[in-house]
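# Notes for the structure review
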Amino acid sequence: MSAAKAVRAALALGLAVPMLTACFEEPSPLDAVRDFLVGWQRGDYAGAARRADGDPAVVRRALEDVGVQLDAASFRFSLKGVKRDGDSAKAEYHAEVDLGENNPLWEYDSTLPLHQVDGQWKIQWSPSVIHPELHAGERFAVDVEPLARQPILDRANESLQDETIRYVAGVYPDKIADKVALCEQLSQVTGFAEDRLLSRIQSSPPQSFVPLATFGGKTFGQVRDKLKAIKGISIRTDSLPVAPKSPKDIVGRVAAITPEAEQQLGGPQRAGDTVGRDGLQKAYQDQLTGSTETKVVILDSSGKQVKELKAWPGRANTSVRTTIDSGLQAAGDSAVTASQQVALVALQASTGEIRAVSTQGMSQQKDALAGKFPAGTTFSIIATDALLKNGFDPKQKVPCSADRSVAGARFQHVGYTGGTTPTFAAGFARGCVTALASLARRVSGDAVVASAAKYGIGSPWELPLSSFSGSLPNPASDAATAKLIAGQTARVSPLTMALVAGAVKSGTWRPPVLVTSPSSPDPTAEVAPAAPPAPIPLDPTVVEQIRTLMRAGVTSGSARAAAAPGDPVYGVAAGIGYVVKKQRRDLSWFVGWQGDIAVAVVAESTDASAAATVAGRFFRAADLKKP
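Structural notes, computed from the coordinates. (Residues numbered from 1 in each chain as written. Predicted model: local features only at pLDDT ≥ 70, side-chain atom pairs only at ≥ 80, totals over all residues. Heavy atoms only, no water.)

The subject of this paragraph is the sheet that holds strand β9 (residues 234-244). Taken in spatial order, the 3 strands line up as β8-β7-β9 in an open sheet, and their pairing is antiparallel. The open sheet has two free edges, formed respectively by β8 (210-215) and β9, since each of these has just one partner strand. With strand direction ignored, the average angle separating the axes of adjacent strands in the sheet is 35°. Where strand β7 (residues 161-171) lies against β9, 10 bridges are found, and the strand directions are antiparallel. Bridge assignment links Asp-162 to a residue of β9, and that residue is Ala-243. Relative to the sheet, helix α7 (residues 217-228) contacts β7, β8 and β9, its axis offset from that of β8 by approximately 125°. (Pairing = 2+ DSSP bridges. Helix = DSSP H or I, 4+ residues; strand = E, 2+ residues; numbered from the N terminus. Axes fitted to C-alpha atoms, helices over the stretch in contact; angles between N-to-C directions. Contact = heavy atoms within 4.5 Å.)

Moving on to the packing of helix α19 (residues 494-506) against helix α20 (residues 540-555). At a closest axis distance of 8 Å, the pairing of α19 and α20 adopts a crossing angle of 115°. Between α19 and α20, the angle is such that the two are roughly perpendicular. α20 is crossed by α19, and the crossing has left-handed handedness. Note on element contacts: α20 touches α19 through Val-543, Ile-546, Arg-547 and Met-550, opposite Val-504, Lys-505 and Ser-506. By residue class, the composition of the contact of α19 with α20 is 4 nonpolar, 1 polar and 2 charged. (Parallel < 35°, antiparallel > 145°, perpendicular 65-115°, else oblique. Left-handed = near helix turned anticlockwise from the far one by under 90°. Nonpolar A, V, L, I, M, F, W, Y, C, P; charged D, E, K, R; others polar.)

So, about α7. Under the 1.5 Å per step criterion, the end-to-end length of α7 is 15 Å for 12 residues, consistent within 8% with the ideal 16 Å. Along α7, the positions that sit buried rather than exposed are Phe-220, Val-223 and Leu-227. Down the axis of α7, the buried side of the element spans an arc of 100°, and every buried residue falls inside it. Away from its buried face by more than 90 degrees, α7 exposes Lys-218, Gln-222 and Asp-225. (Expected span 1.5 Å × (residues − 1). Buried < 20%, exposed > 50% of the residue type's maximum accessible area, 1.4 Å probe, protein only. Arc of directions from axis to C-beta.)

Structure representation (structure tokens):
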């Protein structure tokens, strides 16, 4: 390996090269180049300064200031070559500067002029040694231009956030008498690292406002007096569209970035930015914020920019468009207000697009989208699909008794019994659990599981938020099949059952859709997100019979409370009790549709018709008779 290559390799690895001294005859310009660049790279500015012909204190301070002015995480140098001409020489090197904050590397080439001083090779010092465009009286600065956070939109491109006031604490660097003291005091108030605050101030253009911390109204009220006591701090107010409208849990909340969040997120966030705390605001944080535009510039002694050396445009941010219909969302919200604990999901049957998620006393994410509730006799929709495919006639007489045992499994139906020989259709309309369970020997458990798969139960679809597509046990016995048919062991979310209703209405099961753009929460993803499951066409003859049964559920069955003006309402209602952590819970379900809007409602209630009542309020408020 040549001497120049040896030096280049050592410098690129950031290693000292004391053994190289023996490779060259003294005096050699390579020794001066090696010591200067390795010292600069390692932060041994005094050592580097000894290899220059300028005042050591001036050189040391200049090299140290470069790192501060650029807020650089590191420097790396590689030697490109050295040319000697008698008592003078010239070394060409390549620099890589890590600007931190997940910004790209700044790379440039420069030259080290050398000459001999008293028999020793020295770097001929001037600011252009640092960069060929840097001259006396000038300095570097990093100019950043953060993008305003984009909104989350409903399907009509209307914002799902209200404007809210944020308070931004920042500084004008050239107006601060004691930067260290200011950062120390601000760190005590905000928790941000003192050295990070200081480096941001020192690396910014002196005459520009530098945001350092952002506060909501409540927090600002708590720290306002402390901030005002810090000499040099300026307070600005910004109005940002960040207060979520309904569905608030789905849209998510936005907060000023905290020291903890700053460490977790890294770039492009900086102190003063906002961060999504939950919901879509968190899931699409990088899309909504983008990344800051960053420029490396040269300023003169007055702070005026004289040259732009490098610019990175950053990553454009974008709004997030959802499928939420604000009108239907308002209808859902009004429908659930009279209940204590209830969750409603409404979606467009023909597309699977979620139109509304409304809750009272429940979580829109954890319960409405991702809840794991027993389906009760609303699972009769799927059980009936399997029965009809097996040749069962819904007109067949099936007793609805108050109590029944199937292969040792006991079932009880409270309320209507319909005499001794009602039809299956009547039992379906009234959610008769004993009638359904009695049919366990008329269809195999595997057939019920196969029908459930056709309706998307357990399908691997995904939303950008937590969701649950349902789960079923392995019905290996008649008793297990009876429990499954009765919906006791099937676990579903309201979203799952709204999709089931939409499948019956449209004749095709479709996966849910919540966000239509952008295509992925990750703007830097190199691999496209997995395609959603394909729609599943259902047997049209079977589906038509199920529609007839579900219409009867509203006209003469337990879902009568869901009736509303306009297009006919279809649906089934059910009540089911179960035990969670030794505590009994009673649920009321409604699953059905009006027009092209499919709905599932689950409510904590001992009244089996409670969920149907909520659905009826929704249909009337939504006024779905309109085209």
